[in-house]
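Structural overview for review
Here is how the chains run, residue by residue.
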Amino acid sequence: MTMESTATDRPFPLSGAPTLQARNSAAFWAATGVSRGHEVIRRRGFVAVDGDERAGLRILIQEPDLDPGEVAEVSELTRRAAGAVTVEDPFSATDLGHLGIRTWQMPIMLRLPGPVAAPALDVTRVQRAEDLRAAEQVVIEGFDLDGFQPYRPGELFPTALVEHPGVDVFIASVDGAVAGAGLSVLADGVASHYWIATSSAFRSRGVGRAVMLGALADVADLPATLTASKLGRPLYESLGYEVAAPSTWWSAPSATSTPSATA
C-alpha cells in the first residue's frame, strides 16, 4: 500500500490517528510516571501522571466524550497540581476553557508503513548510562525544559524508563559528540516519537532527520504517529507523515498561576 492510497482503502485511515496517538501517549507517559515513582491515574476517558513540583502533571485525554465527572476530576487534578500542568487532547473535543489556562493546537501526523532511508549521521540506540545522560541533556536544552534545571541526572529519563518494553532512546552523533536525541515508543503495534531534539551547537546539520530515520528503521513496517510542532512539521512531511487532525493542548506553569482553576 502506497502513501497515495485513498482514505477509503488505506489500512490505517487518517481519521483513526487521534486514537492511535492517544493510546501511545498514554503508554509513554504511564511508563514515564512509573519509572519516576509518580502516581498514574487511569480512567475511561483519560490517563493522568501526577508528578512532583519539577515534573508536574500530565493528563492524556483518551476519548472524545469525557463525562461531567471526568471533566470535574481533570479540573480538580489541575487545581491541586504540585507543578506545571499539561493536558493533551488528541480529539480536540473536551472544553477546558473554564480552567483559564493557555491553549494551542498542533497537528497529529500519521505515517503508513514503508521503507526508510539510512540516516546520514551515526545514530545509535542508547544502551550506556552516559549516553542516556547525554540524550537527557540535549532534550532539556532543545525543549527549554526549565523545570528540570538545575540538571539532575536521571530525572527526565530514568534508567527504568528505557528498560520498559517498547521504549527506546536514540542519539545522533557528529564527530563523536552527541548532537541530537529522541525517544521512540512501540505500543499495541503502533510506533510514535517524542522529544526529538537537536543541540544548539549542531542546528541546521540534519541532526533531527537523522534521529527520526534511526528511530524509524526498526518500525518501518508499522504505522507511526506523532504530534508535530510548527518547526518540526516540514521534516515529518518529508519523511512520509501526513497531517491527520488537530490536537488541542492546555498548559499552565503551575497551579498558582491558574486562579480560575478553582471555579
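Our structure is the block above this text.
Right, let's walk through the structure included here.

What counts and how
Residues numbered from 1 in each chain as written. Predicted model: local features only at pLDDT ≥ 70, side-chain atom pairs only at ≥ 80, totals over all residues. Heavy atoms only, no water. Helix = DSSP H or I, 4+ residues; strand = E, 2+ residues; numbered from the N terminus. Rg over C-alpha atoms; globule rule 2.2 N^0.38 Å. Buried < 20%, exposed > 50% of the residue type's maximum accessible area, 1.4 Å probe, protein only. Contact = heavy atoms within 4.5 Å. Areas by Shrake-Rupley, 256 points an atom, 1.4 Å probe, with all protein chains shown as cover. Lys, Arg positive; Asp, Glu negative; His and termini not counted. Charge placed at Lys NZ, Arg CZ, Asp CG, Glu CD. Salt bridge = Lys/Arg side-chain N within 4 Å of Asp/Glu carboxyl O. Core = buried A, V, L, I, M, F, W, Y, C linked by side-chain atoms within 4.5 Å. Pairing = 2+ DSSP bridges. Axes fitted to C-alpha atoms, helices over the stretch in contact; angles between N-to-C directions. Expected span 1.5 Å × (residues − 1). Polar contact = N/O pair within 3.5 Å; in protein donor to acceptor, adjacent residues only side chain to side chain.

1. Thoughts on the overall build of the protein chain
Secondary structure summary: the protein chain contains six helices and eleven strands in total. For the protein chain, the C-alpha radius of gyration of 18 Å lies close to 18 Å, the compact-globule estimate for 263 residues. Relative to its 263 residues, the protein chain shows a buried fraction of 52%. The contacts of the protein chain with a sequence gap of at least 6 include a subset with a gap of at least 24, amounting to 68%. Approximately 11800 Å² of the protein chain is accessible, and the part contributed by carbon and sulfur atoms is 53%. Separation of charge centres in the protein chain, based on 21 positive and 31 negative side chains, amounts to 3 Å.

2. A closer look at the pattern of salt bridges
In this structure the tally under the stated criterion is 14 salt bridges. A salt bridge links Arg-128 to Glu-130, with the nearest nitrogen and oxygen atoms 3.4 Å apart. Residues participating in the shared-partner salt-bridge network are Arg-44, Asp-65 and Glu-70.

3. Overview of the nonpolar core
Counting residues in hydrophobic clusters, the biggest one holds 25 residues, and the most contacted among them are Phe-28, Val-139, Phe-157, Leu-183 and Trp-195. A total of five residues in this core trace back to one element, the largest contributor, which is helix H3 (residues 129–142). For Trp-195, the residues in contact, after removing those within four places along its chain, are Phe-28, Trp-29, Val-139, Phe-143, Leu-145, Phe-157, Ala-181 and Gly-182.

4. Focus: the side chain of Ser-184
Mapped onto the elements, Ser-184 comes out in strand S8 (residues 177–187). Ignoring anything within four residues of it in the chain, the contact list for Ser-184 reads Gly-166, Val-167, Asp-168, Phe-170, Ser-192, His-193 and Ala-215.

5. Structural notes on the environment of Ser-204
One can find Ser-204 in the loop between strand S9 (190–198) and helix H5 (207–216). Residue classification places Ser-204 among the exposed residues on the basis of a relative accessible area of 83%. For Ser-204 and Ser-25, which are 179 residues apart along the polypeptide, the C-alpha to C-alpha distance reads 28 Å.

6. Thoughts on the sheet that holds strand S10 (residues 224–227)
The pairing of strands in a sheet happens through backbone hydrogen bonds and is either parallel or antiparallel. With mixed pairing, eleven strands are arranged side by side in an open sheet as S1-S2-S3-S4-S11-S5-S10-S9-S8-S7-S6. Pairing within the sheet leaves two strands with one partner each, and these edge strands are strand S1 (39–42) and strand S6 (122–125). Between one strand axis and the next, the sheet turns through 20 degrees on average, direction left out of account. With two bridges joining them, S9 and S10 adopt parallel strand pairing. Counted as the bridge partner of Ala-191 is Ala-224 from S10. Packed on one face of the sheet, helix H1 (residues 17–36) meets S1, strand S2 (46–50), strand S3 (57–61), strand S4 (85–89), strand S5 (102–111), S8, S9, S10 and strand S11 (241–252) and runs near 65 degrees to S9. On top of the sheet, H5 reaches S5, S6, strand S7 (167–174), S8, S9, S10 and S11; it is set at about 155 degrees to S9, its chief contact.

7. Re the pairing of S11
Of the strand pairs in this sheet, S4 and S11 are connected by five bridges, and their pairing is antiparallel. Considered in S11, the bridge of Val-87 is made with Trp-250. Pairing between S5 and S11: ten bridges, direction antiparallel. Pairing of Thr-103 across the sheet is with Trp-250, part of S11.

8. A look at helix H2 (residues 68–79)
Each α-helix winds once per 3.6 residues, and so residues spaced three or four apart point in a common direction. Relative to the 16 Å expected for twelve residues at 1.5 Å per residue, H2 spans 16 Å between its end C-alpha atoms, a close match to the ideal helical length. At the N-terminal boundary of H2, the capping side chain belongs to Asp-67, with an oxygen 3.0 Å from the backbone nitrogen of Gly-69.

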